[in-house]
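# Inside the fold
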Amino acid sequence: MRITTASLLLFITTTINPYVADAFVVVRNNNLMQKGRRNVNFSATNTIRQQQQLYASSTTSTSSTSSDDEEEYDDGEEYDEGEEFDDLMLDNNSMMERAKIAFDNIDRDKSGSIDFDELDDLLTYLEIDATMEERRALFAYLDLDGDGDISLEEFLSWYRNAVEAATMRSQDFQSLLMSRRTVNSFDPTPISDDVVRRAIECAIAAPNRSQSEPWRFIKLGPQTVEKLQELNQSLEDFDGVQQQTAPLLPDVWTEIPGWCVVTSKRNLDDDDEELKDFRSTSCAMQNFMLSMWSEGVGSKWTEGPTQKTQQFADIIGIDTSVDKVAGIIWFGFSKSGGLSNAEPKQQREKGVDDVLSTLP
(Lines give C-alpha, C1' and ligand atoms only; values in the text may rest on other atoms or scores of the structure.)
Protein backbone atom coordinates (compact mmCIF):
# COMPACT_ATOMS: atom_id res chain seq x y z
CA MET A 1 0.00 0.00 0.00
CA ARG A 2 1.16 3.57 -0.71
CA ILE A 3 1.49 5.69 2.40
CA THR A 4 2.71 9.18 3.27
CA THR A 5 5.73 9.85 5.46
CA ALA A 6 3.64 11.12 8.37
CA SER A 7 1.16 8.24 8.30
CA LEU A 8 4.02 5.80 7.75
CA LEU A 9 5.59 6.87 11.02
CA LEU A 10 2.32 6.31 12.81
CA PHE A 11 1.84 2.98 11.05
CA ILE A 12 5.26 1.72 12.11
CA THR A 13 4.75 2.86 15.69
CA THR A 14 1.39 1.20 16.16
CA THR A 15 2.51 -1.95 14.35
CA ILE A 16 5.60 -2.74 16.38
CA ASN A 17 3.91 -1.99 19.68
CA PRO A 18 0.23 -2.89 20.07
CA TYR A 19 -0.01 -1.00 23.36
CA VAL A 20 1.52 2.20 22.10
CA ALA A 21 -1.59 4.34 22.57
CA ASP A 22 -2.04 3.26 26.16
CA ALA A 23 1.53 4.42 26.83
CA PHE A 24 0.53 7.99 26.10
CA VAL A 25 -2.33 8.04 28.59
CA VAL A 26 -1.09 11.46 29.67
CA VAL A 27 -3.21 12.89 26.83
CA ARG A 28 -6.35 11.23 28.13
CA ASN A 29 -5.67 12.27 31.71
CA ASN A 30 -4.98 15.88 30.79
CA ASN A 31 -8.23 16.18 28.85
CA LEU A 32 -10.30 13.93 31.15
CA MET A 33 -12.04 12.74 28.02
CA GLN A 34 -12.38 9.03 28.54
CA LYS A 35 -13.40 6.70 31.35
CA GLY A 36 -11.89 3.29 31.86
CA ARG A 37 -10.53 2.83 28.34
CA ARG A 38 -7.30 0.92 28.35
CA ASN A 39 -5.16 -1.36 26.22
CA VAL A 40 -6.11 0.15 22.86
CA ASN A 41 -4.97 -2.20 20.12
CA PHE A 42 -4.63 -0.69 16.68
CA SER A 43 -3.94 -3.94 14.79
CA ALA A 44 -6.38 -4.07 11.90
CA THR A 45 -4.81 -6.28 9.25
CA ASN A 46 -3.10 -9.65 9.06
CA THR A 47 0.13 -7.87 8.19
CA ILE A 48 0.03 -5.94 11.45
CA ARG A 49 -0.81 -9.07 13.43
CA GLN A 50 2.13 -10.89 11.85
CA GLN A 51 4.43 -8.02 12.75
CA GLN A 52 3.24 -8.04 16.35
CA GLN A 53 3.74 -11.81 16.57
CA LEU A 54 7.24 -11.43 15.13
CA TYR A 55 8.25 -9.11 17.94
CA ALA A 56 6.14 -10.71 20.68
CA SER A 57 8.97 -12.87 21.97
CA SER A 58 11.08 -9.82 22.78
CA THR A 59 8.27 -7.79 24.31
CA THR A 60 7.79 -8.63 27.97
CA SER A 61 6.14 -5.52 29.31
CA THR A 62 2.40 -5.12 29.69
CA SER A 63 0.34 -1.99 29.47
CA SER A 64 -0.06 0.04 32.62
CA THR A 65 -3.39 1.44 33.62
CA SER A 66 -4.52 4.37 35.65
CA SER A 67 -7.16 4.01 38.35
CA ASP A 68 -8.55 7.51 37.84
CA ASP A 69 -12.33 7.53 37.51
CA GLU A 70 -14.32 10.51 36.30
CA GLU A 71 -17.18 9.70 38.64
CA GLU A 72 -14.97 10.62 41.58
CA TYR A 73 -14.83 14.23 40.35
CA ASP A 74 -18.56 14.27 39.61
CA ASP A 75 -19.26 13.10 43.14
CA GLY A 76 -17.32 16.06 44.56
CA GLU A 77 -14.47 14.06 46.07
CA GLU A 78 -11.21 15.86 46.72
CA TYR A 79 -8.85 15.94 43.76
CA ASP A 80 -5.22 15.18 44.53
CA GLU A 81 -2.89 16.79 41.96
CA GLY A 82 0.06 14.96 43.48
CA GLU A 83 -1.47 11.58 42.74
CA GLU A 84 -2.19 12.56 39.15
CA PHE A 85 1.39 13.81 38.70
CA ASP A 86 2.70 10.47 39.96
CA ASP A 87 0.41 8.63 37.54
CA LEU A 88 1.58 10.77 34.64
CA MET A 89 5.20 10.15 35.51
CA LEU A 90 4.57 6.40 35.59
CA ASP A 91 2.77 6.54 32.25
CA ASN A 92 5.58 8.60 30.74
CA ASN A 93 8.16 6.10 32.01
CA SER A 94 6.09 3.27 30.53
CA MET A 95 6.07 5.05 27.20
CA MET A 96 9.84 5.41 27.30
CA GLU A 97 10.23 1.72 28.07
CA ARG A 98 7.99 0.75 25.17
CA ALA A 99 9.80 3.13 22.85
CA LYS A 100 13.07 1.43 23.73
CA ILE A 101 11.53 -1.98 23.05
CA ALA A 102 10.27 -0.75 19.68
CA PHE A 103 13.73 0.68 18.91
CA ASP A 104 15.42 -2.61 19.79
CA ASN A 105 13.00 -4.53 17.60
CA ILE A 106 14.11 -2.55 14.56
CA ASP A 107 17.78 -2.49 15.57
CA ARG A 108 18.33 -6.16 14.79
CA ASP A 109 22.13 -6.08 14.93
CA LYS A 110 21.97 -4.41 18.36
CA SER A 111 24.40 -1.70 17.30
CA GLY A 112 22.54 0.93 19.27
CA SER A 113 21.26 2.67 16.17
CA ILE A 114 19.01 1.96 13.18
CA ASP A 115 20.63 2.03 9.77
CA PHE A 116 18.90 2.40 6.41
CA ASP A 117 18.92 -1.34 5.66
CA GLU A 118 17.16 -2.16 8.94
CA LEU A 119 14.44 0.41 8.30
CA ASP A 120 14.19 -0.73 4.67
CA ASP A 121 13.76 -4.36 5.75
CA LEU A 122 10.95 -3.34 8.11
CA LEU A 123 9.08 -1.53 5.31
CA THR A 124 9.49 -4.55 3.04
CA TYR A 125 8.22 -6.91 5.73
CA LEU A 126 5.17 -4.71 6.27
CA GLU A 127 4.52 -4.83 2.50
CA ILE A 128 4.49 -1.03 2.32
CA ASP A 129 4.54 0.16 -1.28
CA ALA A 130 7.14 2.89 -0.97
CA THR A 131 9.64 3.82 -3.64
CA MET A 132 13.34 3.91 -2.84
CA GLU A 133 13.16 7.70 -2.94
CA GLU A 134 10.32 7.68 -0.40
CA ARG A 135 12.21 5.26 1.81
CA ARG A 136 15.29 7.44 1.77
CA ALA A 137 13.15 10.49 2.51
CA LEU A 138 11.67 8.71 5.52
CA PHE A 139 15.11 7.75 6.78
CA ALA A 140 16.36 11.31 6.32
CA TYR A 141 13.33 12.58 8.22
CA LEU A 142 14.22 10.41 11.21
CA ASP A 143 17.98 10.95 11.00
CA LEU A 144 17.96 14.43 12.48
CA ASP A 145 21.72 14.96 12.61
CA GLY A 146 22.33 13.40 9.19
CA ASP A 147 25.05 11.00 10.38
CA GLY A 148 23.55 8.02 8.54
CA ASP A 149 22.08 6.33 11.60
CA ILE A 150 18.93 6.83 13.67
CA SER A 151 19.88 7.03 17.32
CA LEU A 152 17.59 6.26 20.21
CA GLU A 153 17.29 9.98 20.96
CA GLU A 154 16.23 10.69 17.37
CA PHE A 155 13.79 7.82 17.49
CA LEU A 156 12.22 9.16 20.69
CA SER A 157 11.85 12.65 19.25
CA TRP A 158 9.02 11.60 16.93
CA TYR A 159 7.78 8.55 18.86
CA ARG A 160 5.93 10.69 21.40
CA ASN A 161 4.15 12.67 18.67
CA ALA A 162 3.16 9.48 16.89
CA VAL A 163 1.74 8.07 20.11
CA GLU A 164 -0.24 11.24 20.75
CA ALA A 165 -1.67 11.12 17.22
CA ALA A 166 -2.64 7.48 17.71
CA THR A 167 -4.31 8.28 21.01
CA MET A 168 -6.31 11.15 19.54
CA ARG A 169 -7.39 8.96 16.66
CA SER A 170 -8.61 6.40 19.16
CA GLN A 171 -10.54 9.06 21.09
CA ASP A 172 -12.17 10.34 17.91
CA PHE A 173 -13.27 6.85 16.94
CA GLN A 174 -14.61 6.03 20.38
CA SER A 175 -16.46 9.35 20.54
CA LEU A 176 -18.08 8.53 17.20
CA LEU A 177 -19.27 5.19 18.54
CA MET A 178 -20.68 6.63 21.74
CA SER A 179 -22.29 9.73 20.23
CA ARG A 180 -24.40 7.93 17.61
CA ARG A 181 -28.10 7.88 18.39
CA THR A 182 -31.37 7.21 16.65
CA VAL A 183 -32.88 10.01 14.57
CA ASN A 184 -36.67 9.89 14.27
CA SER A 185 -37.43 13.04 12.25
CA PHE A 186 -35.73 13.53 8.90
CA ASP A 187 -35.27 16.47 6.58
CA PRO A 188 -36.47 15.49 3.06
CA THR A 189 -33.15 16.51 1.44
CA PRO A 190 -31.84 13.53 -0.59
CA ILE A 191 -28.65 11.81 0.50
CA SER A 192 -25.88 11.34 -2.05
CA ASP A 193 -25.39 7.86 -3.47
CA ASP A 194 -21.70 8.23 -2.67
CA VAL A 195 -22.56 8.49 1.03
CA VAL A 196 -24.67 5.34 0.74
CA ARG A 197 -21.95 3.42 -1.06
CA ARG A 198 -19.39 4.37 1.58
CA ALA A 199 -21.79 3.21 4.28
CA ILE A 200 -22.20 -0.14 2.55
CA GLU A 201 -18.43 -0.45 2.15
CA CYS A 202 -18.19 -0.09 5.92
CA ALA A 203 -21.12 -2.48 6.43
CA ILE A 204 -19.62 -5.34 4.45
CA ALA A 205 -16.36 -4.99 6.39
CA ALA A 206 -18.20 -6.34 9.46
CA PRO A 207 -17.12 -9.66 10.98
CA ASN A 208 -18.97 -12.64 9.58
CA ARG A 209 -18.93 -16.36 10.13
CA SER A 210 -16.54 -18.20 7.80
CA GLN A 211 -16.76 -15.34 5.30
CA SER A 212 -20.40 -16.21 4.68
CA GLU A 213 -21.25 -12.58 3.80
CA PRO A 214 -24.96 -13.20 4.45
CA TRP A 215 -26.16 -9.62 3.93
CA ARG A 216 -27.90 -7.86 1.12
CA PHE A 217 -28.77 -4.15 0.91
CA ILE A 218 -31.69 -2.91 -1.15
CA LYS A 219 -32.00 0.86 -1.59
CA LEU A 220 -35.61 1.87 -2.17
CA GLY A 221 -36.77 4.67 -4.43
CA PRO A 222 -39.92 6.74 -3.89
CA GLN A 223 -42.13 4.55 -6.08
CA THR A 224 -41.30 1.47 -4.01
CA VAL A 225 -41.77 3.38 -0.76
CA GLU A 226 -45.23 4.46 -1.94
CA LYS A 227 -46.10 0.81 -2.59
CA LEU A 228 -45.00 -0.10 0.92
CA GLN A 229 -47.16 2.61 2.42
CA GLU A 230 -50.12 1.37 0.40
CA LEU A 231 -49.42 -2.17 1.62
CA ASN A 232 -49.21 -0.98 5.21
CA GLN A 233 -52.55 0.82 4.87
CA SER A 234 -54.24 -2.19 3.29
CA LEU A 235 -53.01 -4.48 6.06
CA GLU A 236 -54.20 -2.01 8.67
CA ASP A 237 -57.64 -1.82 7.05
CA PHE A 238 -57.83 -5.61 6.82
CA ASP A 239 -56.65 -6.84 10.22
CA GLY A 240 -55.31 -3.85 12.13
CA VAL A 241 -51.65 -4.57 11.38
CA GLN A 242 -49.69 -1.35 11.22
CA GLN A 243 -46.05 -0.44 10.76
CA GLN A 244 -45.73 2.75 12.81
CA THR A 245 -47.54 6.04 13.10
CA ALA A 246 -46.61 9.70 13.38
CA PRO A 247 -44.43 11.19 14.73
CA LEU A 248 -42.17 8.16 14.19
CA LEU A 249 -43.42 7.92 10.62
CA PRO A 250 -44.63 10.89 8.59
CA ASP A 251 -48.03 10.83 6.93
CA VAL A 252 -46.21 10.60 3.60
CA TRP A 253 -43.50 7.97 3.84
CA THR A 254 -41.47 9.39 0.96
CA GLU A 255 -40.64 12.37 3.16
CA ILE A 256 -38.01 10.09 4.68
CA PRO A 257 -35.28 10.51 2.05
CA GLY A 258 -33.40 7.25 2.58
CA TRP A 259 -34.75 3.72 2.78
CA CYS A 260 -32.51 0.65 2.81
CA VAL A 261 -33.92 -2.83 3.33
CA VAL A 262 -31.34 -5.22 4.76
CA THR A 263 -31.71 -8.97 4.42
CA SER A 264 -29.80 -11.88 5.90
CA LYS A 265 -29.19 -15.30 4.43
CA ARG A 266 -31.53 -18.09 5.49
CA ASN A 267 -30.54 -21.66 6.26
CA LEU A 268 -33.64 -23.85 6.27
CA ASP A 269 -31.62 -26.88 7.35
CA ASP A 270 -29.75 -25.33 10.27
CA ASP A 271 -31.36 -22.72 12.51
CA ASP A 272 -28.12 -22.24 14.45
CA GLU A 273 -26.17 -21.33 11.32
CA GLU A 274 -28.93 -18.96 10.26
CA LEU A 275 -28.75 -17.23 13.65
CA LYS A 276 -24.98 -16.84 13.32
CA ASP A 277 -25.45 -15.20 9.93
CA PHE A 278 -28.12 -12.90 11.35
CA ARG A 279 -25.68 -11.76 14.03
CA SER A 280 -23.18 -10.88 11.29
CA THR A 281 -25.84 -8.93 9.42
CA SER A 282 -26.65 -7.02 12.59
CA CYS A 283 -22.99 -6.01 12.87
CA ALA A 284 -23.10 -4.85 9.26
CA MET A 285 -26.16 -2.71 9.93
CA GLN A 286 -24.40 -1.06 12.86
CA ASN A 287 -21.42 -0.28 10.64
CA PHE A 288 -23.77 1.20 8.04
CA MET A 289 -25.33 3.54 10.59
CA LEU A 290 -21.98 4.54 12.09
CA SER A 291 -20.67 5.46 8.66
CA MET A 292 -23.76 7.56 8.04
CA TRP A 293 -23.33 9.28 11.41
CA SER A 294 -19.68 10.07 10.65
CA GLU A 295 -20.86 12.02 7.58
CA GLY A 296 -23.56 13.95 9.44
CA VAL A 297 -26.42 11.69 8.35
CA GLY A 298 -28.84 10.29 10.92
CA SER A 299 -30.46 6.88 10.74
CA LYS A 300 -32.95 4.58 12.39
CA TRP A 301 -33.13 0.79 12.31
CA THR A 302 -36.78 -0.19 12.23
CA GLU A 303 -38.82 -3.35 11.95
CA GLY A 304 -42.50 -4.14 12.12
CA PRO A 305 -45.23 -6.58 11.12
CA THR A 306 -45.50 -5.29 7.56
CA GLN A 307 -41.90 -6.35 6.90
CA LYS A 308 -42.76 -9.92 7.84
CA THR A 309 -45.43 -10.37 5.19
CA GLN A 310 -45.06 -12.11 1.86
CA GLN A 311 -46.55 -9.05 0.16
CA PHE A 312 -43.61 -6.99 1.46
CA ALA A 313 -41.13 -9.56 0.14
CA ASP A 314 -42.85 -9.55 -3.25
CA ILE A 315 -42.62 -5.76 -3.56
CA ILE A 316 -38.94 -5.73 -2.62
CA GLY A 317 -38.10 -8.81 -4.70
CA ILE A 318 -36.97 -11.04 -1.85
CA ASP A 319 -36.99 -14.84 -2.18
CA THR A 320 -38.01 -15.76 1.36
CA SER A 321 -36.56 -19.25 0.95
CA VAL A 322 -33.13 -17.65 0.49
CA ASP A 323 -33.19 -14.43 2.52
CA LYS A 324 -35.06 -12.99 5.48
CA VAL A 325 -35.64 -9.31 6.26
CA ALA A 326 -33.38 -8.08 9.05
CA GLY A 327 -34.92 -4.62 9.06
CA ILE A 328 -35.19 -1.29 7.31
CA ILE A 329 -32.70 1.51 7.89
CA TRP A 330 -34.15 4.98 7.40
CA PHE A 331 -31.53 7.64 6.87
CA GLY A 332 -31.31 11.35 6.21
CA PHE A 333 -30.34 14.67 7.71
CA SER A 334 -31.93 15.43 11.05
CA LYS A 335 -35.00 17.64 10.77
CA SER A 336 -33.92 19.49 13.90
CA GLY A 337 -30.94 20.97 12.05
CA GLY A 338 -27.78 18.90 12.40
CA LEU A 339 -26.95 15.83 14.46
CA SER A 340 -25.84 17.96 17.39
CA ASN A 341 -29.47 19.09 17.68
CA ALA A 342 -30.95 15.63 17.21
CA GLU A 343 -32.96 13.92 19.91
CA PRO A 344 -30.83 13.37 23.04
CA LYS A 345 -29.23 9.97 23.32
CA GLN A 346 -31.12 7.77 25.74
CA GLN A 347 -29.05 7.15 28.84
CA ARG A 348 -28.19 3.54 29.57
CA GLU A 349 -29.42 2.24 32.90
CA LYS A 350 -26.36 0.03 33.30
CA GLY A 351 -22.74 1.09 33.32
CA VAL A 352 -19.57 -0.84 32.63
CA ASP A 353 -19.35 -2.17 36.18
CA ASP A 354 -22.90 -3.50 35.91
CA VAL A 355 -22.25 -5.59 32.80
CA LEU A 356 -18.57 -6.52 33.12
CA SER A 357 -17.43 -9.56 35.07
CA THR A 358 -13.79 -10.56 35.39
CA LEU A 359 -12.68 -14.11 36.00
CA PRO A 360 -9.19 -15.22 37.04
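Computed from a predicted structure; not experimentally measured.

## Focus: the overall build of the chain
Scanning the chain from terminus to terminus reveals 14 helices and six strands. Expressed as a percentage of the 360 residues in the chain, the buried residues total 40%. Entry remark: accessible area of the chain is about 20100 Å², with carbon and sulfur atoms responsible for 49%.

## Structural notes on the packing of aromatic side chains
Considering all chains together, one arrives at six aromatic pairs under this definition. Here phenylalanine 116 and phenylalanine 139 contribute two aromatic rings whose centre-to-centre distance is 5.8 Å and whose plane-to-plane angle is 80 degrees, an arrangement assigned as edge-to-face. Residue phenylalanine 116 is located in helix α7 (residues 116-125), and its partner phenylalanine 139 is located in helix α8 (residues 132-142); the two are separated by 23 residues in the primary sequence. The residues phenylalanine 116 and phenylalanine 139 share a single accessibility class, namely buried. One aromatic cluster in this structure is built from Phe217, Phe288 and Phe331. Just above the ring of phenylalanine 116 sits the side chain of arginine 136; from NZ or CZ to the centre is 4.7 Å. The ring of phenylalanine 278 carries the charged tip of lysine 324 above its face, separated from the ring centre by 5.3 Å.

## Details of the pattern of salt bridges
This structure, assessed with the given rule, holds ten salt bridges. A salt bridge links glutamate 273 to arginine 209; the shortest N-O distance between them is 2.6 Å. Taken as a pair, glutamate 273 in helix α12 (residues 271-294) and arginine 209 in the loop between α10 (193-203) and β3 (215-219) lie far apart in primary sequence, 64 residues in all. Judged by relative accessible area, glutamate 273 falls into the buried class, the value being 18%. The partner of aspartate 272 in a salt bridge is lysine 276, and the shortest N-O contact between them spans 3.6 Å. In this pair, aspartate 272 and lysine 276 are both assigned in helix α12, four residues apart and thus about one turn of the helix distant. Residue lysine 276 is classed as partly exposed on the basis of its relative accessible area, which comes to 30%. Through salt bridges that share partners, Arg209, Asp272, Glu273, Lys276 and Asp277 make up one connected network.

## Some thoughts on unusual backbone geometry
A negative phi angle is the norm for most residues apart from glycine, just as the trans form is the norm for most peptide bonds. Although it is not a glycine, serine 210 adopts a positive phi angle of roughly 50 degrees. One can find serine 210 in the loop between α10 and β3. Here the phi dihedral of glutamine 211 falls at roughly 55 degrees; this positive angle occurs in a residue that is not glycine. Of note, glutamine 211 is situated in the loop between α10 and β3.

## So, the environment of leucine 176
The topology assignment puts leucine 176 in helix α9 (residues 152-179). By relative accessible area, leucine 176 is classed as partly exposed at 21%. Each C-alpha atom of the pair leucine 176 and leucine 290 lies 7.6 Å from the other, and the pair is 114 residues apart in sequence. Not counting the four nearest positions on each side in its chain, leucine 176 is found in contact with Leu290, Trp293 and Ser294.

## Some points on the pairing of strand β4 (residues 258-265)
A large share of β4 lies buried, amounting to seven of its eight residues. Bridge count for β3 against β4 is five bridges, and the pairing is antiparallel. Residue pairing for β4: lysine 219 is matched across the bridge by cysteine 260. By the bridge criterion, eight bridges tie β4 to strand β6 (residues 323-332) in an arrangement that is antiparallel.

Criteria and cut-off values
Residues numbered from 1 in each chain as written. Predicted model: local features only at pLDDT ≥ 70, side-chain atom pairs only at ≥ 80, totals over all residues. Heavy atoms only, no water. Helix = DSSP H or I, 4+ residues; strand = E, 2+ residues; numbered from the N terminus. Buried < 20%, exposed > 50% of the residue type's maximum accessible area, 1.4 Å probe, protein only. Areas by Shrake-Rupley, 256 points an atom, 1.4 Å probe, with all protein chains shown as cover. Phe/Tyr/Trp six-rings, centres within 6.5 Å; stacked < 30°, edge-to-face > 60°. Lys NZ or Arg CZ within 6 Å of the ring centre and 35° of its normal. Salt bridge = Lys/Arg side-chain N within 4 Å of Asp/Glu carboxyl O. Contact = heavy atoms within 4.5 Å. Pairing = 2+ DSSP bridges.

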